[in-house]
Amino acid sequence: MSTHARPLADWLAAARDEDLLRLFAARAVRADAPWHDFFDAAEALLDPASLSRVLPALTASEARALLDAASGGEAGQDREQLTALALLRPDGTPYPPVVTAIAGRSIPLPPAAAPASPSSETAAAHAAERAFTTVAVLADLLLIARESPFALLTGGGVSAGEKLQLAEAGVPTEIVDTLAAIALQAGLAVSADRRLRSSQSAEEWLRSSAADRWAVLVTAFRDALPRGVRSAGGGWVPPEAWPFAHPWDPTWAERAHVLQDAAALLGLIAEDGTEPAWAVSLRRGGDAEAEALARLLPAEVDRIFLQNDLTAIAPGPLQPALDVRLRTIAARESAAQASSYRFTSESVAHAFVAGETEASILDFLTSVSLTGIPQPLGYLIAQTAQRHGLVRVATDDETGRTRIESSDAHLIQAMAVDQ
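First, a word on scope: everything that follows refers to the structure included in this document.

A short note on the sheet that holds strand β7 (residues 340-342)
Consideration 1: As summarised here, the arrangement of the four strands in space is β4-β5-β7-β6, forming an open sheet in which the pairing is antiparallel. Taken across any chain shown, the strands that pair with only one partner, and hence form the sheet edges, are β4 (305-306) and β6 (331-334).
Consideration 2: Both β6 and β7 contribute to a ladder of three bridges, which runs antiparallel. When the sheet's bridge partners are listed, S334 is paired in β7 with S340.

Regarding the pattern of salt bridges
Note on pairing: side chains with opposite charge can pair once their charged atoms come close.
Consideration 1: Scanning the model with the defined rule gives 17 salt bridges in all.
Consideration 2: Note that D223 and R222 form a salt bridge whose closest N and O atoms lie 2.7 Å from each other.
Consideration 3: Of the residues examined, D223 reaches a relative accessible area of 47% and is grouped as partly exposed.
Consideration 4: The shortest N-O distance in the salt bridge between R327 and D323 comes to 3.3 Å.
Consideration 5: Taking relative accessible area as the criterion, R327 reaches 22% and is therefore assigned partly exposed.

Quick notes on a nonpolar patch on the surface
Consideration 1: On the surface, V391, V393, I404 and I412 cluster together into a nonpolar patch covering about 300 Å² of accessible area.
Consideration 2: The residue V393 is located in strand β8 (residues 391-395) in this model.
Consideration 3: For V393, a relative accessible area of 59% gives the class exposed.

Description of the packing of helix α8 (residues 121-147) against helix α12 (residues 210-223)
Consideration 1: Running from amino to carboxyl end, α8 crosses α12 at an angle of 85 degrees, the nearest separation of the two axes being 10 Å. Put simply, α8 runs roughly perpendicular to α12. Note on element contacts: α12 touches α8 through A210, R213, W214 and L217, opposite A131, F132, V135, L138 and A139.
Consideration 2: Residues of the contact of α8 with α12, tallied by class, amount to eight nonpolar, no polar and one charged.

Re empty space enclosed by the protein
Over the atoms, a rolling probe the size of a water molecule traces out where space has been left empty.
Consideration 1: Applying the stated criterion to the full structure yields one cavity of 30 Å³ or more.
Consideration 2: Empty space within the largest cavity amounts to approximately 30 Å³.
Consideration 3: Forming the boundary of the largest cavity are A128, A131, F132, V135, A210, W214, L293 and L297.
Consideration 4: Contributing elements (two or more residues each) for the lining of the largest cavity: α8 and α12.
Consideration 5: No other element matches the four residues that α8 contributes to the lining of the largest cavity.
Consideration 6: By residue class, the composition of the lining of the largest cavity is eight nonpolar, no polar and no charged.

A word on the side chain of S198
Consideration 1: The topology assignment puts S198 in strand β3 (residues 195-198).
Consideration 2: Setting aside its immediate chain neighbours within four residues, S198 contacts L142, A145, R146, L188, A189 and E203.

Topic: the pairing of β8
Consideration 1: Strand direction decides the pairing type here: β8 and strand β9 (residues 402-406), joined by five bridges, are antiparallel. Paired with V391 across the strands is S406, a residue of β9.
Consideration 2: Here β8 hands over to β9 after six residues, with G400 in that stretch at a positive phi of 80 degrees.

A closer look at helix α3 (residues 38-45)
Consideration 1: For α3, the complete set of buried residues consists of A41, A42 and L45. Across the axial projection of α3, the buried residues extend over an arc of 100 degrees, all falling on one side.
Consideration 2: One side-chain oxygen of the residue at the start of α3 lies 3.1 Å from the amide nitrogen of F39, identifying that residue as D37.

Calculation criteria
- Residues numbered from 1 in each chain as written.
- Predicted model: local features only at pLDDT ≥ 70, side-chain atom pairs only at ≥ 80, totals over all residues.
- Heavy atoms only, no water.
- Pairing = 2+ DSSP bridges.
- Helix = DSSP H or I, 4+ residues; strand = E, 2+ residues; numbered from the N terminus.
- Salt bridge = Lys/Arg side-chain N within 4 Å of Asp/Glu carboxyl O.
- Buried < 20%, exposed > 50% of the residue type's maximum accessible area, 1.4 Å probe, protein only.
- Patch = residues over 30% accessible without salt bridge, like charges linked within 9 Å, V, L, I, M, F, W, Y side chains within 5 Å.
- Areas by Shrake-Rupley, 256 points an atom, 1.4 Å probe, with all protein chains shown as cover.
- Axes fitted to C-alpha atoms, helices over the stretch in contact; angles between N-to-C directions.
- Parallel < 35°, antiparallel > 145°, perpendicular 65-115°, else oblique.
- Contact = heavy atoms within 4.5 Å.
- Nonpolar A, V, L, I, M, F, W, Y, C, P; charged D, E, K, R; others polar.
- 1 Å grid on protein atoms, 1.4 Å probe; cavity = no way out; pocket = protein on both sides within 12 Å on 5 of 7 lines; lining within 4 Å.
- Points joined across faces, edges and corners; volume = space filled by probe spheres on them.
- Arc of directions from axis to C-beta.
- Polar contact = N/O pair within 3.5 Å; in protein donor to acceptor, adjacent residues only side chain to side chain.

Here is the structure:
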């Protein structure tokens, strides 16, 4: 064992279990690491490859403190964190391999932090509109993922083929990856087997008001921010300082840009860089206060116009719970403050598969329609209900072959002739 590893081995041996757990998690130590004792652990933690993985995770303050300690100064308020990461000895001096690893490194100076400027009325209105659009598009994304999970690339992004299909459904492709990341942070989506699926909690979120939906997203976004951009109070530092938060991470500039874009999509940063009123509490580490945002959002409606051409028009943003249910019966054709939906035999059949009945569909539409139920729509629902389940296909348990059943003998005969 090298002499520089012994002090760290002694520190590891005396550390509490919870301290070791935090250290190994922070240093990304694998559970199957081939160590036999604390001396092996100390050697591995001070290995140049291990150090090269932990240095990019340091915040600007921690990196500066480590450089100060290496030059004979004090690590200051970051000493405890750097010691817990096995970069400093208990006496505050860095281990020799750490000194070697940071030799020649520097830290760019961030811009002078200035108090956040409040958004003007116009900028706040635009930020609110962007937040409302983001919430609505994310809801579309989750509804699509509920029916057909998305294929993910190795890096976690949505595949190009999936994005093309989403574009046809009206989802802007340039923000799909950002929206997917926001959904994962909020627990509204899960990633498994390289597929993105909506989660169980997404069902409740989809039926919440726009303001409540937004509060869930921004709280999760704030809580998932990397350490370098988090403030001591649990909020975030000025967004213009985010690109300087992790100076030794070569990928950080791009990540910081993605985070700034996500904050803008959620209406936390106005297009001119100012701060809307509803972002103040979150920035300080408090709860999401959606009241100021809600005042600028369009009023939700709970009624629709059913028309003879088998379409439905909502004269404003339809209440989310009604929108989700209506979209199990009809395909949405346009998404705006006044949305339109179209009923087809396929969309109504989909509703029956989802558990609706002819009676439940008619009851629902009657309760939300300002124009009653037009005769063509009533006929479409009745005709589809009559056909639904007419043919049942399953696997025969005894033979393993396909079994087809129907109450219509003529239909069975026709299928027997033309299989």
